[in-house]
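# Structural overview
Next come the chains, spelled out residue by residue.
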Amino acid sequence: MLDSSETRHQAILSTIAQIPKGYVSTYGEVASLAGYPGNARLVGRILKKLPSETKIPWHRVVNASGRSSFPDGSDKQREQFQKLQEEKIVILNGRIRLSNYKQHGNEC
DNA sequence: GTAATGACCAGGC
DNA sequence: AGCCTGGCCATTA
């Protein structure tokens, strides 16, 4: 099956859209679930192109370091953090709590 | 056509 | 704990 750019685009968006509320995922994780392991960059590339009206919860996607992909202090980053906090996601010292739905992760 | 860039990742130091 | 390097791949100049 030939996967054109649009196909990958849809696959990635679909995967991100499936992230449950209150949970976050990483670029590599999304890429893997979308069927393109190793193509973490594709996820970032696509999210960058997304319009501000997108229904995709791009704010639930962070890098593998549990850090926001945006420059520190950037409006975009603050926007993401704010949305994350709206989802009851906790941010400590600029790091996002990786509450992957794969883990039952719960330590305090 | 080639070269550089980028909302990344894993490994090494 | 953090910083640097190489790799991957599509888009842009």
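Keep in mind that what you see is a predicted model, and the values were worked out from it rather than measured.

So, on to the environment of Ser4. Mapping Ser4 onto the fold places it in the segment before α1 (5–17). By relative accessible area, which is 42% here, Ser4 ends up partly exposed. Residues Ser4 and Ile46, 42 residues apart in the sequence, show an inter-C-alpha distance of 14 Å.

This brings us to the layout of surface pockets. The computed volume of the largest pocket comes to approximately 330 Å³. Every residue lining the largest pocket is counted, 17 residues in all, and those nearest its centre are Leu47, Lys48, Trp58, Phe70 and Lys76. Across the lining of the largest pocket, the residue classes tally to eight nonpolar, five polar and four charged.

The local shell around DNA strand C consists of Ser5, Arg8, Asn39, Arg41, Leu42, Arg45, Lys49 and Arg95. Sugar and phosphate atoms form 75% of the subset of DNA strand C atoms that lie within 4 Å of the protein. At 2.4 Å, a side-chain N or O of Arg8 approaches a phosphate oxygen of DNA strand C. Note that a base nitrogen of DNA strand C is positioned 3.0 Å from one of the side-chain N or O atoms of Arg41. Secondary structure elements with two or more residues in the surface near DNA strand C: α1 and α3 (40–49). Looking at which element gives the most residues to the surface near DNA strand C, the answer is α3, with four residues. Looking at the surface near DNA strand C, its residues break down into one nonpolar, two polar and five charged.

Take the packing of α1 against α3 next. The interhelical angle for the contact between α1 and α3, taken along N-to-C directions, is 90°, at an axis separation of 10 Å. Relative to α3, the element α1 lies roughly perpendicular. Contacts between α1 and α3 involve Arg8, His9, Ile12, Leu13 and Ile16 from the first element and Leu42, Val43, Ile46 and Leu47 from the second. Across the contact of α1 with α3, the residue classes tally to seven nonpolar, one polar and one charged.

Here the focus is α1. For α1, which comprises 13 residues, the first-to-last C-alpha distance of 18 Å matches the rise-based estimate of 18 Å (1.5 Å per residue) to within 8%. Buried residues of α1: Ala11, Ile12, Leu13, Thr15 and Ile16, and no others. Structurally, α1 contributes buried residues whose contacts are with α2 (27–34), α3 and β2 (61–62).

This part takes up the packing of aromatic side chains. Aromatic ring pairs are defined here through the distance separating the ring centres and the angle between the ring planes. Enumeration according to the criterion identifies one aromatic pair in this entry. Just above the ring of Trp58 sits the side chain of Lys76; from NZ or CZ to the centre is 5.3 Å.

What counts, and where the lines are drawn
Residues numbered from 1 in each chain as written. Chains lettered and ligands numbered in written order. Predicted model: local features only at pLDDT ≥ 70, side-chain atom pairs only at ≥ 80, totals over all residues. Heavy atoms only, no water. Helix = DSSP H or I, 4+ residues; strand = E, 2+ residues; numbered from the N terminus. Buried < 20%, exposed > 50% of the residue type's maximum accessible area, 1.4 Å probe, protein only. 1 Å grid on protein atoms, 1.4 Å probe; cavity = no way out; pocket = protein on both sides within 12 Å on 5 of 7 lines; lining within 4 Å. Points joined across faces, edges and corners; volume = space filled by probe spheres on them. Nonpolar A, V, L, I, M, F, W, Y, C, P; charged D, E, K, R; others polar. Near = heavy atom within 4 Å. Polar contact = N/O pair within 3.5 Å; in protein donor to acceptor, adjacent residues only side chain to side chain. Axes fitted to C-alpha atoms, helices over the stretch in contact; angles between N-to-C directions. Parallel < 35°, antiparallel > 145°, perpendicular 65-115°, else oblique. Contact = heavy atoms within 4.5 Å. Expected span 1.5 Å × (residues − 1). Phe/Tyr/Trp six-rings, centres within 6.5 Å; stacked < 30°, edge-to-face > 60°. Lys NZ or Arg CZ within 6 Å of the ring centre and 35° of its normal.

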